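# Descriptive structure summary
Next come the chains, spelled out residue by residue.
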Amino acid sequence: MDIDLDLANRLGFPRPQYTAVERERRWLCRYIPQERIVSTEAITDLYVTGSRLRLREARPVGEGTPRLRLTRKADVDRHTRLITSIYLPEDEFAILASSLPGSRIRKLRHRLDAIDGVTMSVDEFQGELAGLLLAEAEFENPEHLALFSAPDFVAREVTDDPRFTGGCLVRHGIPT
């Protein structure tokens, strides 16, 4: 892990071997580039009240194995966060999903062909957030993050706008 270990400890991640570093940028999208979609998942996120925890149900549209997990994230800076997850079987996931307090977001996540070697996805929000299209790109290192040019299907970058994080969207809806 290339994050300061004292900072990680202060954020509640004392064991670096169980922590991943996530580097990403986010954009509002004009449209979904259908020709680039390689897979789609139906995702339901439960943001647990009073915590940094998220319970995610990600089920492939079509065939595939669902990914069910409890995740904790903490921001290091506007592009970087620490993340740890526990993957769960269906029965344990169902117990948590029915007993944890919180608010849910539903979306379709369209995973795209890599763009300039960068993994991207477009989230197509459902329900109260319908109409919101948000692209994310994940990066291996800060250099790739800084050098990446936004693709033509995005409208504007919102990485620096915390209103477009899942936790804020679930509490406050689509920013105006």
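Refer to the structure above for everything that follows.
Residues numbered from 1 in each chain as written. Predicted model: local features only at pLDDT ≥ 70, side-chain atom pairs only at ≥ 80, totals over all residues. Heavy atoms only, no water.

## Quick word on the pairing of strand S2 (residues 37-48)
The sheet contact formed by S2 and strand S6 (residues 102-112) spans 11 bridges and is antiparallel. Its bridge partner being in S6, Ile-37 is matched across the sheet by Leu-112. Relative to strand S3 (residues 53-60), S2 runs antiparallel, the two sharing 7 bridges. Looking across to S3, one finds that Asp-45 is bridged to Arg-56. Here S2 hands over to S3 after 4 residues, with Gly-50 in that stretch at a positive phi of 75°. (Pairing = 2+ DSSP bridges. Helix = DSSP H or I, 4+ residues; strand = E, 2+ residues; numbered from the N terminus.)

## A few points about the state of the cysteines
Inspection of the entire model under this criterion finds 0 disulfides. Here Cys-29 is not disulfide-linked; the sulfur of Cys-168 is the nearest cysteine sulfur, at 19 Å. Owing to a relative accessible area of 12%, Cys-29 belongs among the buried residues under this scheme. (Disulfide = S-S within 2.5 Å. Buried < 20%, exposed > 50% of the residue type's maximum accessible area, 1.4 Å probe, protein only.)

## Points about the nonpolar core
In terms of nonpolar packing, the biggest core is built from 16 residues, with Met-120, Ala-135, Phe-148 and Phe-153 touching the most fellow members. Take this core: its biggest share by element is 3 residues, from strand S8 (residues 133-138). The residues touching Met-120, leaving out its near neighbours within four places in the chain, are Trp-27, His-110, Arg-111, Leu-112, Ile-115, Ala-135, Glu-136, Ala-137, Phe-148, Pro-151 and Phe-153. (Core = buried A, V, L, I, M, F, W, Y, C linked by side-chain atoms within 4.5 Å. Contact = heavy atoms within 4.5 Å.)

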